[in-house]
Amino acid sequence: MWSRSSDGRRIAAITVIGTAIVLPLVVFVLGPNMPPGKATEVAKGQVTDNTVLLVVMTPFTVFILGYLVYAIVVFRAPKGETELRDGASMRGHMPSQIAWLVTTTAAVLFLAIFGTTELLANNGAGSGSGPNPVAKPSGAMLPVQVIGQQWEFTYRYPTYGGVETAELVLPAGQEVAFHVTSLDVVHSFWAYELGVKADANPGVDNVAYVKPTKIGTFQIRCAELCGLWHGYMFDTGRVVGAADFNTWIAAQRKQFAGVEKYLPKYSPSYSPDPTFRAG
Amino acid sequence: MLVVGVLIGIYVGFLTNGPTPYRVPVANAGSVDLTLQTVAAVGPLAPNPTWVSYLVRESGVWHRSTVWTVPANSLVHVTLYNFDGQSGLRNPFLAQARGLVGGTFGLNGKQLTVINPDAASHTFAIPQLGVIVPIQGVDDNAPKQCDLAPCPMSNAHETITFTFRTGKKGHYRWQCFVPCAAGFVYGFGGPMQTIGYMDGYVDVV
């Protein structure tokens, strides 16, 4: 593979030294600032996962970029030479081929095992895992239904009379079970700072868990291209104290009492009849 | 080269040929009047004459424009004449009005907060401003139904009135939440996905 054995040793040295320099920066500088932040335990877990991915890819990235720069510098045509020359013939290099196969296989296997382990733990619980998630937090949970429709998310609170709201408000310190569904096309409910991202599929109850701890706001976006106003399908949610939440939900029940009689009975998903004009 | 240039010009012209923005004239200090019409088929006013659409009245004449410019921190008094039939909402929650001055809207002179979701023809909604108003549809058995826009007031219609406050400057989208596109799967395609029919912008300046 190498035209000269010294080139291989130099590139190996560049990879080792470069990795030794970059890796601490990845772990201690870039890693802690990775998305989605540390607002919830789920989000913190995702920061750790993203950092691990970065650590694993660092030596490979250093190798590829180092090889690229080395080739540009060392293998360039000598100054003044205008005639194109072919490089040395390559007949394979078993040690380097084995090294590449072993390291990349080890990296892929490690990531597969690590990823599966993390998904089974609570770190992966922020993702929508279908109607029956394998990873399920213990303790009492507040169910909140997220309903996607072109182009707005609305929310139902089944433990509060099934009231539906246009705003998402959560009580701090309370484990929340999101039940994400859609009334039309596929959307994706992405509560960025909470570390929650779950597809909203018509007729499907997609469950995701999170326990918001910090009082404040969080961004909500649709993460699935869903039509004309997909780019405008965003909102701001709030995490409030328990007393404020009780006040808010009572006000919502009062405000939307008029439409309550028209709402369907709470269900994990809905399949509205086609409209009169359905084609 | 000339032919290629002409073709590119036609293509770009087609892509940029959107509805003409309508600057709503100021009626009184701090308020504007916006008069709209919703029709089942827009007719010769648009490239897709069979599509459902909103129209705006400018100096007494109905135009096809769904991009409206209104002043910031002002009241927008809307009068909407709906000549279209009832389609029904997939989410009944959207049958209740939100974000209006006074909390209610007028339906043929009667102040309401909610309508029967099955009787909805359209909605007027600016989600970023928290505004949504359900638009009652014309009964199927009503006489003198309008087929093509612009519809005269002698045709069967519902009159909806409401007021909302614009707040700060911004570029806000508005939309209809009723899947009212006849001939499209679940009524969601065509005019529901095209600015100039059941979607548009409210530019608050």
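Read on for a plain summary of the structure. (Residues numbered from 1 in each chain as written. Chains lettered and ligands numbered in written order. Predicted model: local features only at pLDDT ≥ 70, side-chain atom pairs only at ≥ 80, totals over all residues. Heavy atoms only, no water.)

## Brief notes about the pattern of salt bridges
Reasoning step 1: In this structure the tally under the stated criterion is four salt bridges over all chains.
Reasoning step 2: Ionic pairing is found between R10 of chain A and D7 of chain A, a salt bridge with its closest N-O pair at 3.9 Å. Note that R10 of chain A and D7 of chain A are positioned in helix α1 (residues 5-30) at a spacing of three residues, about one turn of the helix.
Reasoning step 3: Overall, R10 of chain A belongs to the partly exposed group, its relative accessible area being 42%.
Reasoning step 4: Its relative accessible area of 1% is what places D7 of chain A among the buried residues.
Reasoning step 5: Here E152 of chain A makes a salt bridge to R98 of chain B, at a shortest N to O gap of 3.5 Å. Of this pair, E152 of chain A sits in strand β2 (residues 152-157) while R98 of chain B sits in the loop between β7 (75-82) and β8 (105-107), placing the two residues on different chains. Comparing E152 of chain A with R98 of chain B, the two get one shared label, buried. (Salt bridge = Lys/Arg side-chain N within 4 Å of Asp/Glu carboxyl O. Helix = DSSP H or I, 4+ residues; strand = E, 2+ residues; numbered from the N terminus. Buried < 20%, exposed > 50% of the residue type's maximum accessible area, 1.4 Å probe, protein only.)

## Quick notes on helix α4 (residues 242-255) of chain A
All names here are of chain A.
Reasoning step 1: For α4, which comprises 14 residues, the first-to-last C-alpha distance of 20 Å matches the rise-based estimate of 20 Å (1.5 Å per residue) to within 8%.
Reasoning step 2: Among the residues of α4, F245, W248, I249 and Q252 are the ones counted as buried. Seen end-on, α4 carries its buried residues on one side only, within an arc spanning 95°. Facing away from the buried side of α4 by over 90 degrees, the exposed positions are A243, T247 and K254.
Reasoning step 3: Looking at the packing, one finds that the buried side of α4 touches β1 (142-149), β2, β3 (163-165), β4 (169-171) and β10 (234-240). (Expected span 1.5 Å × (residues − 1). Arc of directions from axis to C-beta. Contact = heavy atoms within 4.5 Å.)

## With respect to the sheet that holds strand β7 (residues 196-200) of chain A
Within a sheet, each strand pairs with its neighbour through backbone hydrogen bonds, oriented either parallel or antiparallel.
All names here are of chain A.
Reasoning step 1: In spatial order, the strands read β4-β10-β9-β6-β7; together these five strands make up an open sheet with mixed pairing. In this open sheet, the two edge strands, each paired with only one partner strand, are β4 and β7. Each adjacent strand pair in this sheet contributes to an overall mean axis angle of 20°, direction not counted.
Reasoning step 2: When strand β9 (residues 216-222) meets β10, the two strands line up antiparallel, connected through six bridges. Paired with I220 across the strands is D235, a residue of β10. (Pairing = 2+ DSSP bridges. Axes fitted to C-alpha atoms, helices over the stretch in contact; angles between N-to-C directions.)

Read these as layout, nothing more, since geometry by itself doesn't imply function.
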